[in-house]
Amino acid sequence: MQVLAPPAPHVVSLDLSGKLTRADIQSIMETLEESLETQPRVSVLADLTGMTGMTAAALLQDFKNSLENLTRLHRFYRIASVADNSVIDLLANLDSRTFSGLELKNFKPHEYEAALRWVEQRPPIPERRIETTEHIKDSILEVTMESGATAFDLHEITDRIRNCYERRGPVKVLLRVSKLPNEDFNFWLEQWQSLKALKLVSQLAIVGDEDLRPLVDSLNMAVQASLHLFGPADYP
């Protein structure tokens, strides 16, 4: 496994040859982590033409890493593989339909330059759909979530909750929601991750219409925080 010079700052370029080991998989993940630290979204170019297989340990490590990164799918934009393999073609097509927002495409070896141009395109960054205000005196984090919120927005809310908790302990959250966010697959994966952050919340007040009731009821069963739904008229 070799990390190649990237064609653009947001691209991780890999040459995978021979039989991949667990150490190779770990090295790939470390390279991706380094890129995610500096780029809001990352694309990957993987040349698989010289790859002959994976060890059992590498396969298990790859599966484990895949599960751990499900909640960060929104951080990946395009994944291009280069291989003359019909199975990889099929997997790329299936995954592209499964994960909204993540584009996967396989290129034949003679299409390597086309693969380069494809991953070089800058990833779009969704428009921010939340506003947060911290009321320090009362230890309250106020969040206003607009229609069209994405996993990026939930990730920001999660970070704000953790930051407040580290400085002042359990957090009170006032969440104003005008409309339920979209049902994008990545969004709900990120929502599941956000439930972990709700363990840091002592009280959660949600201001919104009655159609939020099913969400509130499900959260009541999943979190320990005191939770209540208020109508828009209760908080002008």
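Refer to the preceding data block for the structure.
Residues numbered from 1 in each chain as written. Predicted model: local features only at pLDDT ≥ 70, side-chain atom pairs only at ≥ 80, totals over all residues. Heavy atoms only, no water.

(A) The arrangement of the sheet that holds strand β8 (residues 171–177) in detail. Ordered by their spatial adjacency, five strands build an open sheet running β6-β7-β8-β9-β10, and the pairing between neighbours is mixed. A strand with exactly one partner marks an edge of an open sheet, and here the two such strands are β6 (130–135) and β10 (226–230). In this sheet, neighbouring strand axes are inclined to one another by 15° on average, regardless of whether the strands run parallel or antiparallel. Strand contacts of helix α5 (residues 151–168): β6, β7 (140–145), β8 and β9 (201–207), with the helix running at about 10° to β6, the strand carrying the most contacts. (Pairing = 2+ DSSP bridges. Helix = DSSP H or I, 4+ residues; strand = E, 2+ residues; numbered from the N terminus. Axes fitted to C-alpha atoms, helices over the stretch in contact; angles between N-to-C directions. Contact = heavy atoms within 4.5 Å.)

(B) Focus on the pattern of salt bridges. This structure, assessed with the given rule, holds ten salt bridges. Here Glu127 ties to Arg129 by a salt bridge, and the two come within 3.7 Å at their closest N and O atoms. Three or more residues joined by partner-sharing salt bridges are found here, namely Glu134, Arg160, Arg167 and Arg168. (Salt bridge = Lys/Arg side-chain N within 4 Å of Asp/Glu carboxyl O.)

(C) Local environment of helix α4 (residues 112–120). What α4 keeps buried is the set Ala115, Leu116, Trp118 and Val119. The arc enclosing the buried residues of α4, seen along the axis, measures out at 165°, which places them on a common side. Where α4 is buried, its residues contact β2 (11–20), β3 (42–54), β4 (76–82) and β5 (103–107). (Buried < 20%, exposed > 50% of the residue type's maximum accessible area, 1.4 Å probe, protein only. Arc of directions from axis to C-beta.)

(D) Helix α1 (residues 22–38), seen in detail. Taking 1.5 Å per residue as the helical rise, α1 with its 17 residues ought to reach 24 Å, and the 25 Å between its terminal C-alpha atoms agrees with that figure. Within α1 the residues assigned to the buried category are Asp24, Ile25, Ile28, Met29, Thr31, Leu32, Ser35 and Leu36. The arc that holds the buried residues of α1, viewed along the axis, is 160°, so those residues lie on one side. In α1, the exposed positions angled more than 90 degrees off the buried face are occupied by Ala23, Glu34, Glu37 and Thr38. (Expected span 1.5 Å × (residues − 1).)

(E) A look at the nonpolar core. Ranked by size, the top nonpolar core spans 26 residues in total, and within it Met145, Ile157, Ile161, Leu175, Val201, Leu204 and Ile206 carry the most contacts. When contributions to this core are tallied by element, the ones reaching two or more residues are β7, α5, β8, β9, α7 (213–222) and β10. (Core = buried A, V, L, I, M, F, W, Y, C linked by side-chain atoms within 4.5 Å.)

(F) Summary view of the pairing of β10. Burial along β10 is one-sided: the residues Leu227 and Leu229 are buried and none of Ser226, His228 and Phe230 is. Bridging between β9 and β10 involves five bridges; their strand directions are parallel. Directly across from Ala205, in β10, lies its bridge partner His228.

(G) Main features of the side chain of Ser35. Within the fold, Ser35 resides in helix α1. According to the relative accessible area criterion, Ser35 is buried, its value standing at 10%. Contacts of Ser35, omitting those with residues within four sequence positions, involve Pro9, His10, Val12 and Val42.

(H) A look at the sheet that holds β4. With respect to topology, five strands assemble into an open sheet ordered β1-β2-β3-β4-β5, the strand pairing being mixed. Every other strand in the sheet has two partners, leaving β1 (2–4) and β5 as the edge strands with one partner each. Strand-to-strand twist of the sheet, defined as the mean angle between neighbouring strand axes without regard to direction, takes the value 20°. Inspection of the sheet shows β1 paired to β2 by three bridges, in the antiparallel sense.

(I) The arrangement of empty space enclosed by the protein in detail. By the definition in use, this model includes two cavities of 30 Å³ or more. If you trace the second largest cavity, you find it lined by Glu134, His135, Ser139, Ile140, Leu141, Cys164, Arg168, Gly169, Pro170 and Val171. Broken down by class, the residue content of the lining of the second largest cavity amounts to five nonpolar, three polar and two charged. (1 Å grid on protein atoms, 1.4 Å probe; cavity = no way out; pocket = protein on both sides within 12 Å on 5 of 7 lines; lining within 4 Å. Points joined across faces, edges and corners; volume = space filled by probe spheres on them. Nonpolar A, V, L, I, M, F, W, Y, C, P; charged D, E, K, R; others polar.)

(J) The arrangement of the packing of aromatic side chains in detail. Overall, the coordinates contain one aromatic pair when judged by the stated rule. For Lys105, the ring lying beneath its charged end belongs to Trp118, and the centroid distance is 6.0 Å. (Phe/Tyr/Trp six-rings, centres within 6.5 Å; stacked < 30°, edge-to-face > 60°. Lys NZ or Arg CZ within 6 Å of the ring centre and 35° of its normal.)

(K) Focus on the side chain of Thr31. Tracing the chain through its elements places Thr31 in helix α1. Since its relative accessible area comes to 15%, Thr31 is described here as buried. Engagement of the side chain of Thr31 in a polar contact is seen with the backbone oxygen of Ser27, the distance being 3.0 Å. Here Thr31 is in contact with Val3 and Val12, once residues within four sequence places are set aside. (Polar contact = N/O pair within 3.5 Å; in protein donor to acceptor, adjacent residues only side chain to side chain.)

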